[in-house]
Structures are given as structure tokens and as C-alpha cells.
Amino acid sequence: MQHLSIVTTGGTIDKVYFDDKSAYEIGDPQIGKILESLGVAFSFDVLPALRKDSLHLDDTDRDLLRRLIEAQPHRHVLVTHGTDTMVETAAVLRQIEGKVIVMTGALNPARFQGSDAVFNIGCAVGALQCLENGVYIAMNGRIWNPAHVRKNRDANRFEPVQ
């Protein structure tokens, strides 16, 4: 992989909290800073598509993401996305041919110490270089087929669909 296109949608990975009552807003995408600090050996561009909690994404947003990803000249695409509706967006992105698309996010904001963001991004970048064309989810140290995974909100992790 020589170049990675990164499409950001917001979600917890980019959240910024302001007070003790946990009021937040979606901040600037964090992934570019993370990859720069890690000294990755490939070029990348960050395309901020949306700044939304994934619970607020709708069909229009998902269609925008599909069109934006289809228009990218590069085969490898990483999508940062809120975890609550990642599976629903992946179902729309399955229509895209000729690309490896890996979606990832975080269960805690990237700015928090101990966040899973860096780990999930690293897993996603590694997966992008090994997978066949298609859409995948990289969360909790695993690469998931979106058709066979769900977020367990109570356990705060992804797990196989039973």
C-alpha cells in the first residue's frame, strides 16, 4: 500500500468533552495526527466527510459516504466512524467495487488516555494491506465481516452475531 485515503465521519473517536456533565461535540479528525506521530511508511490524505455521532447518520449521509469513497482514486480506504451504526453504514458501502474498505472507530475518544483509538487504527491499517476487496470492520483486535458482527452496547465491544 503506497497511499491510504481516510474518510472521517465523526463518532466517539473524534469527540471532545467540555464539562463534568459529559457535554461534547465532534472535534477535528484525530487520525491524521495519530498516523503522523507513528511515522507510517505510506502517504495518506484525510477527507472529513461528516462530523456526526453515528446515531445521527441517515440514508443521505450514507449515500454521501458511498459516493465519496467511490470517487477516490486509491484502492485502500479507511473510514473512521461511530461504533453504534458502523454495521449499517458498512451494508451501504458493500455496493462499492474494486476497493478494500476498513471501518474503525473507538469506544473512548482518541484524546483520552487509554483510548482504544490508536490500537483500532493500527489493526485497520494492517488489515487494509492484507484483505481482498470488500468492506470490513476493525474493532477490539479483530477484523469482522459486517454481516456477522454487532456491537454489544452493554459489554461495550463488538461480537459475532449469534
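### Observations concerning the packing of aromatic side chains
Tallied over the entire structure, the rule returns zero aromatic pairs. R142 extends its terminal NZ or CZ atom over the ring of W144, reaching a point 4.1 Å from the ring centre.

### Section: the sheet that holds strand β8 (residues 142–144)
The six strands lie next to each other as β4-β1-β5-β6-β7-β8, forming an open sheet whose pairing is mixed. Two strands in the sheet have a free side with no partner beyond their single neighbour: β4 (43–52) and β8. Shown here is a sheet whose adjacent strand axes are inclined to one another by a mean of 25°, direction ignored. Two elements, strand β5 (residues 76–80) and strand β6 (residues 100–104), share five bridges in a ladder whose sense is parallel. Counterpart to V79 in the pairing with β6 is M103. Sitting on the sheet, helix α1 (residues 31–38) is in contact with β1 (3–10), β4 and β5, with an inclination near 155° to β4. Of the strands in this sheet, β1, β4, β5 and β6 touch helix α2 (residues 59–70), which is tilted by about 165° from β4.

### Description of a nonpolar patch on the surface
On the surface, Y17, Y24 and F112 cluster together into a nonpolar patch covering about 270 Å² of accessible area. The topology assignment puts Y17 in strand β2 (residues 15–17). With a relative accessible area of 32%, Y17 lands in the partly exposed category.

### Details of the nonpolar core
Counting residues in hydrophobic clusters, the biggest one holds 20 residues, and the most contacted among them are I69, L93, I101, M103 and I137. Elements supplying a minimum of two residues to this core: α2, β5, α3 (86–93), β6 and β7 (134–139). If near-sequence neighbours (up to four positions away) are discounted, I69 is found in contact with V7, V77, V79, L93, I96, K99 and I101. In terms of nonpolar packing, the next biggest core, distinct from the first, is built from 19 residues, I6, V125, A127 and Y136 among them.

### Regarding the environment of A49
As for its placement among the helices and strands, A49 is situated in strand β4. A residue is classified by how much of its surface remains accessible, and A49, at 23% relative accessible area, is partly exposed. Between the C-alpha atoms of A49 and L65, which are 16 residues apart in sequence, the distance is 7.1 Å. Not counting chain neighbours up to four residues away, the residues in contact with A49 comprise V7, T8, L64, L65 and L68.

### Description of the packing of α1 against helix α4 (residues 117–128)
Running from N to C, α1 and α4 cross one another at 75°; their axes reach a closest spacing of 11 Å. In terms of orientation, α1 lies roughly perpendicular with respect to α4. Of α4, the residues touching α1 (which contributes I31, I34, L35 and L38) are V118, I121 and V125. Here the residues of the contact of α1 with α4 are counted per class, giving seven nonpolar, no polar and no charged.

### Notes on unusual backbone geometry
Positioned with a positive phi, N140 is a non-glycine residue whose angle comes to about 55°. Structurally, the position occupied by N140 is in the loop between β7 and β8. Phi at N156 is positive, roughly 55°, even though this residue is not glycine. A relative accessible area of 35% places N156 in the partly exposed class.

Rules used throughout
- Residues numbered from 1 in each chain as written.
- Predicted model: local features only at pLDDT ≥ 70, side-chain atom pairs only at ≥ 80, totals over all residues.
- Heavy atoms only, no water.
- Phe/Tyr/Trp six-rings, centres within 6.5 Å; stacked < 30°, edge-to-face > 60°.
- Lys NZ or Arg CZ within 6 Å of the ring centre and 35° of its normal.
- Pairing = 2+ DSSP bridges.
- Helix = DSSP H or I, 4+ residues; strand = E, 2+ residues; numbered from the N terminus.
- Axes fitted to C-alpha atoms, helices over the stretch in contact; angles between N-to-C directions.
- Contact = heavy atoms within 4.5 Å.
- Patch = residues over 30% accessible without salt bridge, like charges linked within 9 Å, V, L, I, M, F, W, Y side chains within 5 Å.
- Areas by Shrake-Rupley, 256 points an atom, 1.4 Å probe, with all protein chains shown as cover.
- Salt bridge = Lys/Arg side-chain N within 4 Å of Asp/Glu carboxyl O.
- Buried < 20%, exposed > 50% of the residue type's maximum accessible area, 1.4 Å probe, protein only.
- Core = buried A, V, L, I, M, F, W, Y, C linked by side-chain atoms within 4.5 Å.
- Parallel < 35°, antiparallel > 145°, perpendicular 65-115°, else oblique.
- Nonpolar A, V, L, I, M, F, W, Y, C, P; charged D, E, K, R; others polar.

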